[in-house]
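So you can see what is in the structure, the chains are spelled out below.
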Amino acid sequence: MAGVDVGGGERRARNSEINMIPFIDLLMVTIAFLLITAVWVTNSRLRTSAEVPAAAGCGEECQKEPLRTMHVHVGEDQFNLVWKQGATVLSEVSVPKRPVEIGGAGATAIRYRELGEAIRREWERSGEHRAPSDRRADQAVLHSDNKTPFRELVAVLDAINAPRRTVLLNDGRSAEMPAFLATFSAR
């Protein structure tokens, strides 16, 4: 216990005791939260650098041409599949937007089978990573406006993931993987 002397006079002593146990408990809990937070903060940091990889001392021989990327544009009544290499448009294909509803009466989903087939044909024609020993996937960028319903975006992502390819693993086995890695465009 700790005591507090509030001054005294001749009249009556006004000393009172303050229970310090709750104060010490609160202080210990605060220190524990501080230590735990400090550990989380240091574990969640990313080590970054402002240096560009291989930029120093790299001449013209180090510059590679950009990879081909398929851009899927979602329109009102059609999809546009555009292969680009950097800013250069290599090819463009339009696919009509014909949804097929699947599922029961309660929750129906849609699929774009024609879009999936067109994406598969385009990958077979222009995809860069087709060899079984190449584990990288081609890049597909999905472009849509903010008014596109979520179920349509899911159906387009399913169509992008429909083309599959065989990849050889380190142990000699083969596995199936999507031909494309899909990302969303940012405006």
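Up top is the structure these notes are about.
Predicted, not measured: the structure shown is a model, and the values here were computed from it.

Another aspect to go through is the pattern of salt bridges. As enumerated under the stated definition, the model contains nine salt bridges in all. Among the salt bridges present, the one from arginine 98 reaches glutamate 114, with a minimum N-O distance of 2.8 Å. Pair noted here: arginine 98 is in the loop between β5 (88-96) and β6 (100-103) and glutamate 114 is in helix α2 (residues 113-126), with a separation of 16 residues, a long-range link. Relative accessible area serves as the criterion here: at 33%, glutamate 114 is assigned to the partly exposed category. One salt bridge in this structure joins aspartate 171 and arginine 173, with 2.8 Å as the shortest N-O distance. Connected via shared salt-bridge partners are Glu117, Arg120 and Glu124.

With respect to the helices and strands, lysine 97 occurs in the loop between β5 and β6. Taking relative accessible area as the criterion, lysine 97 reaches 17% and is therefore assigned buried. For lysine 97, the side chain forms a polar contact with the main-chain oxygen of glycine 75, separated by 2.8 Å.

Strands sit in the order β5-β4-β3-β8-β11 across an open sheet of five strands; the sheet is mixed. For this open sheet the edge positions go to β5 and β11 (180-184), each flanked by a neighbour on one side alone. Here the average twist between neighbouring strands, direction ignored, is 25°. Both strand β8 (residues 138-143) and β11 contribute to a ladder of five bridges, which runs parallel. By the bridge assignment, valine 141 is partnered in β11 with threonine 183. Together, β3 (68-74), β4 (78-85), β5, β8 and β11 form the strand contacts of α2, whose direction differs from that of β4 by roughly 15°. Helix α3 (residues 150-161) contacts β3, β4, β8 and β11 of the sheet and is inclined by roughly 155° relative to β11.

Reading the values: rules and limits
- Residue indices begin from 1 for each chain and proceed along its sequence in written order.
- Note on the predicted model: pLDDT of at least 70 is required for a residue's local features to be given, and 80 or more for side-chain atom pairs to be given and counted; whole-chain, interface and lining totals, by contrast, use all residues.
- Side-chain measures were taken over the full set of non-hydrogen atoms in the model, leaving aside hydrogen atoms and water.
- By convention in these notes, a salt bridge is any Lys or Arg side-chain nitrogen within 4 Å of a carboxyl oxygen on Asp or Glu.
- Under the DSSP-based scheme used, a helix requires at least four consecutive residues in state H or I and a strand at least two consecutive residues in state E, with every element numbered from the N terminus.
- Any residue under 20% of the maximum accessible area for its type is buried, any over 50% is exposed, and the rest in between are partly exposed; the area is computed with a 1.4 Å probe on protein chains only.
- For the purposes of these results, a polar contact is taken to be a pair of N or O atoms within 3.5 Å, where, inside protein, one atom must be able to donate a hydrogen and its partner to accept one; residues adjacent in sequence count only when each atom of the pair is a side-chain atom.
- The pairing criterion is simple: DSSP has to find at least two bridges between the two strands.
- Every angle, taken between N-to-C directions, lies between 0 and 180 degrees, and every axis is a line fitted to C-alpha atoms, over only the stretch in contact when it is a helix.
- We call two residues in contact whenever any of their non-hydrogen atoms come within 4.5 Å of each other.

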